[in-house]
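Below, each chain spelled out in residue letters.
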Amino acid sequence: MNRWDLFIETFFRPDLIEKYWPDIAGGVVVTVQVAVLVVLTGIALGLLLAMIRSYSLRGVNLVLVVFVDVMRSLPPLVLILLFYFGLPSVGILLPSFAVLWLVLSLVLAAFAEEIFWAGILSIRKGQWEAARSTGLSFSQTLTFVIVPQAVRMTVAPLTNRTIAITKNTALGTVIGVSEILNQATTAQSFSGSATPLMMGGIAYIVLFIPIVIAGRWIETRFAWRRA
Amino acid sequence: MNQTTDILVARGLRKSFGELEVLKGIDFSLRQGELVFVIGPSGSGKSTMLRCFNRLEEPTEGSVTIDGVNLMAPGVDINSMRRQIGMVFQQFNLYPHLSVSRNITLALRKVLKRSASQAEETAREMLEMVGLEEKADAYPGELSGGQQQRVAIARAVALEPKVMLFDEPTSALDPELVGSVLQVMRKLRDSGMTMVVVSHEMRFAREAAGRIVFMSDGEIIEEGTPDQIFENPSHRRTREFVAEISR
Ligand SMILES: Nc1ncnc2c1ncn2[C@@H]1O[C@H](COP(=O)(O)OP(=O)(O)O)[C@@H](O)[C@H]1O
Ligand SMILES: [Mg+2]
């Protein structure tokens, strides 16, 4: 066998590809489900937290900043293991899928909160003053004037962070969520071949390349004229 | 002075930023339909005074009364009061993410609870008044400074304020755009709007102002008709300032 054949034999064995692609495809579905849920809840919660922070309530903000900093400094894997193995001891039994969703949502929410908060702070004071001078309340000003502008400024960093965190769905494999990596490693151990891992890798690329491209597109679209 | 015709009355207004006392006891009143010009050196507290008039800045001491309602009274609905005090800023401060029309309708809908169609109708009328009816769907970033400032005026006037406060409305404009904004202000005055204008547009002051107030160092030094202040000021500081700006 020459090197080329050896390479094909290791990473692209046709019989294994045929045998395992339904498993990998099933993993893709699970990964997409977790990723979509994480993006929705994580970003929504992050925005909510940033808006709450705008009210400058001392005690609330202290709790909020501690939460955000803890979530941002802990490796997500540690959180996943902590939640998965720790929560049952205090009587909370969550399926592994829910643990993965919850942890990644909280992590994304923490990063998103910081990004939205920076966006809110970057809006010029004159916007607040103009809105308040027309009789809009603090909450109305925040909702209709400040946040829509802040969100536009945060699209680029938020997209990058979101992609980085959704890739962490692969961590679900350690607690048995049947996402792509889990399917690939299971198939690898049964077949003794690296082909399923390569299939998993390709599945990630197929999944995330469009998201990365969409991110770029969103970035240019929202780089809009500033008055 | 008859209390019932005073739209805006400030009494003993003081404002400090930390150690720095910026307003040192301002007494000021404004009659219905009056146009008062406020002039004075940079840093003398003109902007701070205007911002105390609608409590964008919280006075340290003193009272502000708008059409008989004390803004400092506990329990006053400050948002409903602010709606009645229009403010125009040096930097326009239009909302860049909203079209011209939506800049105007936002407060109409959220503060005055007008329906979408009523609000749009009002926005159209206001844009017609400032001569920009064809810009309703444009975004602020697509307008010249003069056009933006006219939209900002339209946004404030749409709320039917009892008094309009202008803080250097033409200072950020290229000279050739100043005229269009002054034209709108002239129109407003002619329609009977009560106005306080911080500005150094002397020609406009002479022509349009009923009274000039000269501020320096946080105090009102002198006030009078344009003729009195520009031709025959009684204080040295007024004289020096007038000489300086009419150079
Ligand atoms: N938010 C603020 N914090 C601290 N100092 C301020 C603030 N706003 C204004 N000042 C100070 O108050 C003084 C008066 O400012 P301002 O009212 O803007 O004057 P004017 O409009 O007449 O130029 C200046 O010395 C300015 O630096
Ligand atoms: Mg000023």
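In what follows, the structure referred to is the one given above.
Here goes a summary of the coordinates provided. (Residues numbered from 1 in each chain as written. Chains lettered and ligands numbered in written order. Predicted model: local features only at pLDDT ≥ 70, side-chain atom pairs only at ≥ 80, totals over all residues. Heavy atoms only, no water.)

1. Brief notes about the layout of surface pockets
Residues and elements named next belong to chain A.
In step 1: For the largest pocket, the calculated volume is near 370 Å³.
In step 2: Looking at the largest pocket, it is lined by 19 residues, and the ones nearest its centre are Val-39, Ile-43, Thr-159, Thr-162 and Ile-218.
In step 3: For the lining of the largest pocket, the secondary structure elements donating two or more residues are α2 (14-54), α7 (138-167) and α9 (195-222). (1 Å grid on protein atoms, 1.4 Å probe; cavity = no way out; pocket = protein on both sides within 12 Å on 5 of 7 lines; lining within 4 Å. Points joined across faces, edges and corners; volume = space filled by probe spheres on them. Helix = DSSP H or I, 4+ residues; strand = E, 2+ residues; numbered from the N terminus.)

2. Regarding the site of ligand 1
Residue and element names in this part refer to chain B.
In step 1: As a structural note, the neighbourhood of ligand 1 is formed by Phe-17, Leu-20, Val-22, Pro-41, Ser-42, Gly-43, Ser-44, Gly-45, Lys-46, Ser-47 and Thr-48.
In step 2: With respect to ligand 1, the backbone of Gly-43 contributes an N or O atom lying 2.7 Å from an oxygen atom.
In step 3: The contact in question runs from an oxygen atom of ligand 1 to an N or O atom on the backbone of Ser-44, over 3.2 Å.
In step 4: Coverage of ligand 1 by the protein chains reaches 60% of its 560 Å² of free accessible surface.
In step 5: Going through the elements one at a time, β2 (20-31) and α1 (46-53) are the ones with two or more residues in the shell around ligand 1.
In step 6: Among the elements that line the shell around ligand 1, the one with the most residues is α1, at 3 residues.
In step 7: For the shell around ligand 1, the class distribution of residues is 4 nonpolar, 6 polar and 1 charged. (Near = heavy atom within 4 Å. Polar contact = N/O pair within 3.5 Å; in protein donor to acceptor, adjacent residues only side chain to side chain. Areas by Shrake-Rupley, 256 points an atom, 1.4 Å probe, with all protein chains shown as cover. Nonpolar A, V, L, I, M, F, W, Y, C, P; charged D, E, K, R; others polar.)

3. Here we look at the pairing of strand β9 (residues 211-216) of chain B
Residue and element names in this part refer to chain B.
In step 1: Taking burial as the measure, the 6 residues of β9 include 6 buried ones, the bulk of the element.
In step 2: Of the pairings in the sheet, the one linking strand β3 (residues 35-39) to β9 comprises 4 bridges and is parallel in character. What sits directly across from Phe-37, in β9, is Ile-212.
In step 3: With 5 bridges joining them, β9 and strand β10 (residues 219-224) adopt antiparallel strand pairing. (Buried < 20%, exposed > 50% of the residue type's maximum accessible area, 1.4 Å probe, protein only. Pairing = 2+ DSSP bridges.)

4. Examining the packing of helix α5 (residues 96-122) of chain A against α7 of chain A
Residue and element names in this part refer to chain A.
In step 1: Where α5 contacts α7, the two axes come as close as 8 Å, and the packing angle between them is 145 degrees. α7 is crossed by α5, and the crossing has right-handed handedness. Counted together, Leu-104, Val-107, Leu-108, Phe-111, Ala-112, Ile-115, Phe-116, Gly-119, Ile-120 and Ser-122 of α5 and Ile-146, Val-147, Ala-150, Val-151, Met-153, Thr-154, Pro-157, Leu-158, Arg-161, Thr-162 and Ile-165 of α7 form the full contact between these two elements.
In step 2: Taken together, the residues that form the contact of α5 with α7 break down as 16 nonpolar, 4 polar and 1 charged. (Axes fitted to C-alpha atoms, helices over the stretch in contact; angles between N-to-C directions. Left-handed = near helix turned anticlockwise from the far one by under 90°. Contact = heavy atoms within 4.5 Å.)

These figures come from the coordinates and say nothing about function on their own.
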